[in-house]
Amino acid sequence: MRVLLHIPAGLMSLFLIMTTAIAQPLQQLEKDSTDTKRGPYTIVVTAGGGLSYYASHLGVPQTITEPRLNKLGTPASLRVMWYPDHRLRIGLESGWTTMYRYRGRVAGETARMYVSAIPVLLVFSMPLAWLRGTDRSLTRRLSVTAGTGLYINYSHLDYAGKVTAYTNSPGWMAAASYTYPIGRRFRIAGEVKWFDAVAVQNAAFTAELQLVWRPYSW
């Protein structure tokens, strides 16, 4: 009888040991699954404007006399970005960019030409520091942005009537910015940017002051 009672007790001890050995990894796995929660994710809207300079060669038709050239403009931009929990950010950018304007005389009549572009770009951005840095970190406030897409180039001619034409061109953009926090959801930024509409050979350098808004995070 003692032997019969001793065997079940041994099996019970072995069962308890095996149960404990299996339960500990499961508990650790459950704990680790909560520790690897992703986030935060943020939608960021940036709007700004500033000054542009047309950096390509400006060819004025020889039929225009007394030409007056102006390569300066006042661009505006709007960018919507998704900030994930890693460095690379993605979004869309559009706006309006002045390229150049000139005026002169043709057969005694005043002629004016004005060229602008609307970019529609897929953009990628990356800060120069890991997201766990603080807003006081200089490297976290600095970021670089690049994008590619389509430029809708508009030309407006005012001579014996007004004529507007447009041409689509592939192109790209590169930028660098510095962002300064002014609240939980708002920041201000300064950005220098290079626009290049490749097919029509229109390129402009811009400097913008921007307002950065973080409307939604999860």
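Here is a short report on the structure shown in this document. (Residues numbered from 1 in each chain as written. Predicted model: local features only at pLDDT ≥ 70, side-chain atom pairs only at ≥ 80, totals over all residues. Heavy atoms only, no water.)

Observations concerning the overall build of the protein chain
Stated formally: In DSSP terms, a helix is any run of H or I states spanning at least four residues, a strand is any run of E spanning at least two, and both are numbered starting from the N terminus. Per-residue accessibility, obtained with a 1.4 Å probe over protein chains only, is compared with the maximum for each type, and a residue is labelled buried under 20%, exposed over 50%, and partly exposed between these values. Contact between two residues is taken to exist if any of their heavy atoms lie within 4.5 Å; hydrogens are not considered. Areas reported as accessible are Shrake-Rupley estimates using a 1.4 Å probe. Residue values count occlusion only from the protein chains shown.
Secondary structure summary: the protein chain contains 2 helices and 10 strands in total. Reading the secondary structure of the protein chain in the N-to-C direction produces α-β-β-β-β-β-β-α-β-β-β-β. Scored against the burial criterion, the 218 residues of the protein chain give a buried share of 31%. Relative to all contacts within the protein chain whose residues are 6 or more apart in sequence, the contacts with residues 24 or more apart total 62%. Of the roughly 13800 Å² of accessible surface on the protein chain, 65% is carried by carbon and sulfur atoms.

What to know about the layout of surface pockets
For clarity, the threshold we go by: Here the term cavity refers to a set of points on a 1 Å grid, laid over the protein atoms alone, in which a 1.4 Å probe fits but cannot get out; the term pocket refers to an open set having protein on both sides within 12 Å along at least five of seven lines, with lining residues being those that place an atom within 4 Å of a point. Grid points are joined across faces, edges and corners, and a volume is the space filled by probe spheres set on the points. Each residue gets one of three labels, nonpolar for Ala, Val, Leu, Ile, Met, Phe, Trp, Tyr, Cys and Pro, charged for Asp, Glu, Lys and Arg, and polar for the others, Gly among them.
The computed volume of the second largest pocket comes to approximately 150 Å³. In terms of lining, the second largest pocket is formed by 13 residues, of which the most central are Tyr100, Val115, Asn153, Val200 and Asn202. Contributions of two or more residues to the lining of the second largest pocket are made by strand E7 (142-158) and strand E8 (162-181). Looking at the lining of the second largest pocket residue by residue, the classes come out as 7 nonpolar, 6 polar and no charged.

Overview of the pairing of E8
Our working definition: Here the rule is simple: two strands pair whenever DSSP picks up at least two bridges between them.
As judged from the 17 bridges shared by E7 and E8, these two strands associate in the antiparallel manner. Looking at the pairing, leucine 157 lines up with valine 163 of E8. Remark: 3 residues form the turn of the hairpin made by E7 and E8, two consecutive strands paired antiparallel; alanine 160 in that turn has positive phi of roughly 50°. With 11 bridges joining them, E8 and strand E9 (residues 186-197) adopt antiparallel strand pairing. If you follow proline 181 over to E9, its bridge partner there is arginine 187. Taken together, E8 and the strand that follows it, E9, pair antiparallel across an intervening segment of 4 residues.

As for the packing of aromatic side chains
Just so we agree on the cut-off: Paired rings are identified among Phe, Tyr and Trp, the last through its six-membered ring, by centres lying within 6.5 Å, and are further divided according to the angle between planes into stacked (under 30 degrees), edge-to-face (over 60) and tilted (the rest). Here, a charge over a ring is recorded when the distance from Lys NZ or Arg CZ to the ring centre is within 6 Å and its angle to the ring normal is within 35 degrees.
Applying the stated criterion to the full structure yields 8 aromatic pairs. Every member of this aromatic cluster is reached through a ring pair, and the members are Tyr41, Trp82, Tyr216 and Trp218. Over the ring of tyrosine 83 we find arginine 89; its NZ or CZ atom is 3.8 Å from the centre of that ring.

Topic: the environment of leucine 72
Relative to the elements of secondary structure, leucine 72 occurs in strand E3 (residues 72-73). With relative accessibility at 43%, the residue leucine 72 sits in the partly exposed group. Aside from chain neighbours lying at most four places away, what touches leucine 72 is Ser52, Tyr53, Thr98 and Arg101.

Observations regarding the nonpolar core
Worth spelling out the cut-off: Buried residues of nine kinds, namely Ala, Val, Leu, Ile, Met, Phe, Trp, Tyr and Cys, make up a nonpolar core once their side-chain atoms join them within 4.5 Å.
Of all hydrophobic cores here, the largest spans 24 residues; its most connected members are Met99, Tyr100, Tyr102, Leu121, Tyr151 and Met173. Those elements giving two or more residues to this core turn out to be strand E1 (42-54), strand E4 (76-83), strand E5 (89-106), strand E6 (109-127), E8, E9 and strand E10 (202-217). Top contributing element to this core by residue count: E6, with 6 residues. Leaving out residues up to four positions away in the same chain, methionine 173 has contacts with Arg79, Glu93, Leu121, Val123, Thr145, Ala146, Gly147, Tyr151, Lys193, Trp194 and Phe195.

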